[in-house]
Amino acid sequence: MKVKIQDLMESSGVGFGTSGARGLASEMTDRVCYAYTCGFLQHLRGCGDLPRPQVAIAGDLRPSTPRIIAAVCRASADMGCTPILCGPIPSPAVALYGIRERIPAIMVTGSHIPDDRNGIKFNKPAGEILKSDEAAIRDQVVALDPERFDAGGSLIETPPAPLVCEAARQAYLDRYLNFFPPGALAGMYIGVYQHSAVGRDLLVETLSALGARTMALGRSERFVPVDTEAIRPEDTALALEWSRQRGFDAIVSTDGDSDRPLIADQNGRWLRGDVAGILCARFLGADWVCAPVSCNTALEKCGWFEHVERTRIGSPYVIEAMLKGRVAGGRRVVGYEANGGFLTQSDIEKDGRKLEALPTRDALIVILAVLCSARREEKSVGNLLTGLPQRYTASDRLKNFARPCSAAILRYFDDAGAAQARIETAFGHLCGRLAAVDRSDGLRMTFANQEVIHLRPSGNAPEFRCYNEAADPERAEALNAACLRILSQMQPEAGAEKG
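Heads up: these notes are all about the structure in this document. (Residues numbered from 1 in each chain as written. Predicted model: local features only at pLDDT ≥ 70, side-chain atom pairs only at ≥ 80, totals over all residues. Heavy atoms only, no water.)

### Some thoughts on the pairing of strand E17 (residues 333-336)
What you see with E17 is no split at all: Val333 and Gly335 on one side and Val334 and Tyr336 on the other are buried throughout. Bridge analysis of strand E15 (residues 288-292) against E17 gives three bridges, and the strand direction is parallel. Looking across to E17, one finds that Trp288 is bridged to Val333. As paired strands, E17 and strand E18 (residues 342-344) are joined by three bridges and run antiparallel to one another. Within the sheet, the bridge partner assigned to Tyr336 lies in E18 and is Phe342. Hairpin connection of E17 to E18: five residues between the antiparallel strands, including Gly340 at a positive phi of 95 degrees. (Buried < 20%, exposed > 50% of the residue type's maximum accessible area, 1.4 Å probe, protein only. Helix = DSSP H or I, 4+ residues; strand = E, 2+ residues; numbered from the N terminus. Pairing = 2+ DSSP bridges.)

So this is what it looks like as structure tokens:
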């Protein structure tokens, strides 16, 4: 039988978000994951972007990942490609391996979302798929052998064992050990919050190899949904307590698939991802920086970069902007997201060492760049922020918030004749008069007092996100909490839960 991927999306509930296909693990049956993989490879073959019949495959540590990997391997083999299993490694590690080997790479991960969900992230031989690729994959019609699956959509036969490759992990590690000089972190004492991040041991290994003294913290064999844009209160408390007890120079971590960083200063206070991105871009000497509209405006206000390009939210949009930056003459073109994930479109040379381009989200480069900046400048991590304009961001989300409810709220504030009055009625008591509106991705409102409220439904889960910016951190956090209360009261039937 044949099925169109678009029809399968609608019937299964598994669709493209901002970072690949995502859905409930129960809905991501073997049959659905098999079809998605076939659609991806069929698209590559159709556009001549499958130079070698191999596919690199990796996954995170959530419980459903091994089963989905088996379905991806089966589909790859049936499409005439040899599956190369790279093991549990970070998303950027398998992407880097694919780029170097000129083969597609597939990462099975739900990133930061709870473990009842999962996802598949697709990379072409040149890097992450773009929105145009997503549209082409939706249009693919793939053949599904009914004898492959039982009535519940599970594979009937175990797929043959794939080739196992350890080179991808080593290549990712070497990327940093060849760029940062030996002893770059000598004298620093770093706590590594491991939880269930797939790159948790690799992170300790990298820091130690560069001379840091490390301590592993909070390791968990149960999946922990660490979201670097909406840090859980328990993670805030843990970092403060670990810092007080141990006297770390910094505490570092990542999300589940280790493509988004978390960095806490010497006092255990987590840095915002978009601020860490600015520091990383400066360390790399970037001249062209691309970032979504949700990121801190200190990027422009600091004056460190020749060109700043704002995009919609999502790594595909950042990558598209970086590609344009290269064409326009950017020499060191980079990008980052509010979650801290950092992308490089150019090879970067520094002190006679080269960091090759990696146009997908990466966490490790941010962690190392921030720590090395502190070491070189003989400052604490916290004091690195003193050179930035005093702009602070906060973000959180309403969980289990039905997407139609999010859309209804945005429509309510989009009425041509009443938008300003409705916005000021809802939020004017918090921020005063509305000064500007940006609807390029959700609703971003800038008020006369320069405070920002940005509302946007998540592209990966049924969540409604709110980003805020203000002149001090306490105000940003208070504004964020107040906005979420307002939004939850606007749609109480959505069953929203703050988290």
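Anyway, onward from the coordinates.
### Examining the packing of helix H7 (residues 200-209) against helix H12 (residues 364-377)
Two packed helices can be described by the angle between their axes and the distance between those axes. Two numbers describe how H7 lies on H12: the axes approach to 12 Å, and their chain directions differ by 30 degrees. Overall, the two elements H7 and H12 adopt an arrangement that is roughly parallel. Crossing angle aside, the handedness with which H7 passes H12 is right-handed. Of the residues in H12, those touching H7 at Leu202, Leu203, Thr206 and Leu207 are Leu364, Ile367, Leu368 and Leu371. Taken together, the residues that form the contact of H7 with H12 break down as seven nonpolar, one polar and no charged. (Axes fitted to C-alpha atoms, helices over the stretch in contact; angles between N-to-C directions. Parallel < 35°, antiparallel > 145°, perpendicular 65-115°, else oblique. Left-handed = near helix turned anticlockwise from the far one by under 90°. Contact = heavy atoms within 4.5 Å. Nonpolar A, V, L, I, M, F, W, Y, C, P; charged D, E, K, R; others polar.)

### Brief notes about the pattern of salt bridges
Evaluation of the coordinates by the stated rule reveals 40 salt bridges. Taking the shortest distance from any N to any O, the salt bridge between Glu241 and Arg244 comes out at 2.5 Å. Note that Glu241 and Arg244 are positioned in helix H8 (residues 233-246) at a spacing of three residues, about one turn of the helix. The class of Arg244 is exposed, set by a relative accessible area of 61%. Each member of the salt-bridge network shares a partner with another, and the members are Lys121, Glu128, Asp255, Asp259, Arg260, Glu337 and Arg361. (Salt bridge = Lys/Arg side-chain N within 4 Å of Asp/Glu carboxyl O.)

### Things to note about helix H14 (residues 419-431)
Taking 1.5 Å as the rise per residue, H14 with 13 residues should run 18 Å; its terminal C-alpha atoms sit only 16 Å apart, a clear shortfall. Where H14 bends most, at Thr425, the angle is about 50 degrees. Taken as a whole, H14 has its buried residues at Ala419, Ile423, Ala426, Phe427, Gly428, Leu430 and Cys431. Looking at the buried residues of H14, the elements they touch are strand E23 (434-438), strand E24 (443-447), strand E25 (452-457) and helix H15 (473-490). Remark: Gly432 follows H14 within two positions and exhibits a positive phi of approximately 90 degrees. (Expected span 1.5 Å × (residues − 1). Bend = angle between axes of the 7 residues up to and from the residue.)

### Some points on the sheet that holds strand E11 (residues 189-193)
With respect to topology, four strands assemble into an open sheet ordered E12-E11-E13-E14, the strand pairing being mixed. Across the chains shown, the open sheet's two edge strands, defined by having one partner strand only, are strand E12 (213-217) and strand E14 (261-264). The average angle at which neighbouring strand axes cross in this sheet is 25 degrees, direction not considered. Alignment of strand E13 (residues 250-254) against E14, held across four bridges, turns out to be antiparallel. Considered in E14, the bridge of Val252 is made with Ile263. Taken strand by strand, H7 contacts E11, E12 and E13, and its axis lies near 170 degrees from that of E11.

### Focus on the packing of aromatic side chains
When we look at a pair of aromatic rings, we describe it by the centre distance and by the angle of the planes. Under the criterion given, the structure shown has 13 aromatic pairs. Judged by centre distance (5.7 Å) and plane angle (90 degrees), the rings of Phe16 and Tyr36 are edge-to-face. Placement of the pair is Phe16 in strand E2 (residues 15-17) and Tyr36 in helix H2 (residues 30-46), with a sequence separation of 20 residues. Judged by its relative accessible area of 13%, Phe16 is buried. Here Tyr36 falls in the buried class, since its relative accessible area comes to 1%. Relative to Phe149, the ring of Tyr34 has its centre 5.3 Å away and its plane inclined at 80 degrees; by these criteria the two rings are edge-to-face. Of this pair, Tyr34 sits in helix H2 while Phe149 sits in the loop between strand E9 (141-143) and strand E10 (163-164), and the two are 115 residues apart along the sequence. Phe149 carries the same exposure label as Tyr34, and that label is buried. (Phe/Tyr/Trp six-rings, centres within 6.5 Å; stacked < 30°, edge-to-face > 60°.)

### Quick look at the packing of helix H1 (residues 5-12) against H2
Two numbers describe how H1 lies on H2: the axes approach to 10 Å, and their chain directions differ by 155 degrees. In terms of orientation, H1 lies roughly antiparallel with respect to H2. Two packed elements cross with a definite hand, and for H1 against H2 that hand is left-handed. Contact residues: Ile5, Leu8, Met9 and Ser12 in H1; Arg31, Val32, Ala35, Tyr36 and Gly39 in H2. For the contact of H1 with H2, a count of residues per class yields six nonpolar, two polar and one charged.

### Overview of unusual backbone geometry
Located in the positive-phi region is Arg102, a residue other than glycine, with phi close to 60 degrees. Within the secondary structure layout, Arg102 lies in the loop between helix H4 (91-101) and strand E6 (105-108).

### Things to note about the sheet that holds E17
Strand order across the open sheet formed by five strands is E16-E15-E17-E18-E21, with mixed pairing between neighbours. Every interior strand has two partners, whereas the edge strands, strand E16 (307-311) and strand E21 (358-362), have only one. With strand direction ignored, the average angle separating the axes of adjacent strands in the sheet is 15 degrees. On the sheet, helix H6 (residues 167-177) packs against E18 and E21 and is oriented at approximately 95 degrees with respect to E21.

No statement about biological role is implied by the geometric values presented.
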